[in-house]
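Here is what each chain is made of, one letter per residue.
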Amino acid sequence: MTKKGLLLVNLGTPDAPEPPEVRRYLREFLSDPRVMDLPALGRWLLLNLIILPTRPARSAEAYRKIWTPEGSPLLVNARAHAEAVTARLDPKEWEVALGMRYGRPSIPEALAQLKRANVSEITLLPLYPLNAVSANVTVVARVMELLSRDFDFPPLRVVPPFVQDAGFLAAMEAV
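Residues numbered from 1 in each chain as written. Predicted model: local features only at pLDDT ≥ 70, side-chain atom pairs only at ≥ 80, totals over all residues. Heavy atoms only, no water.

Peer 1: Quick rundown of the nonpolar core? Include the residues and the values.
Peer 2: Generally speaking, a soluble globular protein has its nonpolar side chains buried in company with each other. With 16 residues, the main nonpolar core has Leu 7, Leu 111, Leu 114, Ile 122 and Val 143 as its most contacted residues. Broken down by element, the residue count for this core peaks at 5 residues, all from helix α5 (residues 133-147). Leave out the neighbours within four places in its chain, and Val 143 touches Leu 7, Ile 107, Leu 111, Leu 124 and Leu 156. Ala 82, Leu 98, Met 100 and Phe 168 belong to the second largest nonpolar core, which has 12 residues in total. (Core = buried A, V, L, I, M, F, W, Y, C linked by side-chain atoms within 4.5 Å. Buried < 20%, exposed > 50% of the residue type's maximum accessible area, 1.4 Å probe, protein only. Helix = DSSP H or I, 4+ residues; strand = E, 2+ residues; numbered from the N terminus. Contact = heavy atoms within 4.5 Å.)

Structure follows, in structure tokens:
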């Protein structure tokens, strides 16, 4: 029996609430043309001459206010989410991997996990309920880019935005 792969993807977070780590994260995040919709030269100038010289220190200070002993709240919650999904699925049938669009664990690391598990297909679930170019579209594009580098990649299914799904709405009401 071959396993199916479930790839959960969230936005991402710096590795630590310190300026060098925040700078690395912001560089990766804001270099994406789907996030900062500017011509390449304008994006580069804005990022390297204005944002990266000033923003990492201020952002690191803000991250320190929400950082927990376990790490970034987004990453802690994403890992807990992946563990809960894993616990609900049959481990003989499913391999669940978590990747961040920007930062770590990265999408390439998550795809490598699925490849090691020799999955027969991959279901991609961007953990964003709304459809947005800077969220869902960039995740799907990145996964497709990475998969296309391999001659023999498994079929990919993408879970569409779910903001109007009855189950999602009921869960949000319960919160």
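Peer 1: So, the pairing of strand β1 (residues 4-13): which residues are in play, and what are the values?
Peer 2: Here β1 lies mainly inside the structure; 8 of its 10 residues are buried. Pairing of β1 with strand β2 (residues 94-103) involves 9 bridges; the strand directions are parallel. Across the sheet, the residue bridging to Leu 8 is Leu 98, located in β2. The pairing of β1 with strand β3 (residues 122-126) spans 5 bridges and is parallel. Counted as the bridge partner of Leu 7 is Leu 124 from β3. (Pairing = 2+ DSSP bridges.)

Peer 1: So what's going on with the side chain of Thr 138? Residues and values would help.
Peer 2: Relative to the helices and strands, Thr 138 is located in helix α5. Take Thr 138: its relative accessible area is 1%, and that puts it in the buried class. Polar contacts involving the side chain of Thr 138 include one to the side chain of Arg 101, which spans 3.2 Å. Those residues in contact with Thr 138 that lie beyond four places of it in its chain are Asp 32, Arg 34, Arg 101, Tyr 102 and Val 133. (Polar contact = N/O pair within 3.5 Å; in protein donor to acceptor, adjacent residues only side chain to side chain.)

Peer 1: Can you tell me about the confidence of the model for the chain, naming the residues and giving the values?
Peer 2: Residue-level pLDDT values for the chain average 93, and 99% of them are 70 or greater. At the low end of the mean pLDDT range in the chain sits helix α6 (residues 166-174), at 89; at the high end sits β2, at 97. (pLDDT = per-residue confidence, 0-100.)

Peer 1: Lay out unusual backbone geometry with the relevant residues and their values.
Peer 2: Of note, the bond from Arg 104 into Pro 105 is cis; its omega dihedral lies within 30 degrees of zero at 0 degrees. Note that Pro 105 resides in the loop between β2 and α4 (107-116). Positive phi, normally seen in glycine, also occurs at Asn 118, with a value near 55 degrees. Mapping Asn 118 onto the fold places it in the loop between α4 and β3. Overall, the relative accessible area of 57% leaves Asn 118 in the exposed class.

Peer 1: Give me a nonpolar patch on the surface: which residues, what numbers.
Peer 2: A grouping of Leu 41, Trp 44, Leu 45, Leu 49 and Ile 50 is seen on the molecular surface, where their side chains present a nonpolar patch of about 540 Å² in accessible area. As for its position among the elements, Ile 50 is in helix α2 (residues 40-66). (Patch = residues over 30% accessible without salt bridge, like charges linked within 9 Å, V, L, I, M, F, W, Y side chains within 5 Å. Areas by Shrake-Rupley, 256 points an atom, 1.4 Å probe, with all protein chains shown as cover. Salt bridge = Lys/Arg side-chain N within 4 Å of Asp/Glu carboxyl O.)

Peer 1: Which residues make up the packing of aromatic side chains, and what values go with them?
Peer 2: Under the criterion given, the structure shown has 4 aromatic pairs. On the numbers, 6.0 Å between centres and 85 degrees between planes, the contact of Tyr 63 with Trp 67 is edge-to-face. On the numbers, 5.2 Å between centres and 75 degrees between planes, the contact of Phe 162 with Phe 168 is edge-to-face. Put simply, the rings of Tyr 25, Phe 29 and Tyr 102 touch in pairs and so form one group of aromatic residues. (Phe/Tyr/Trp six-rings, centres within 6.5 Å; stacked < 30°, edge-to-face > 60°.)

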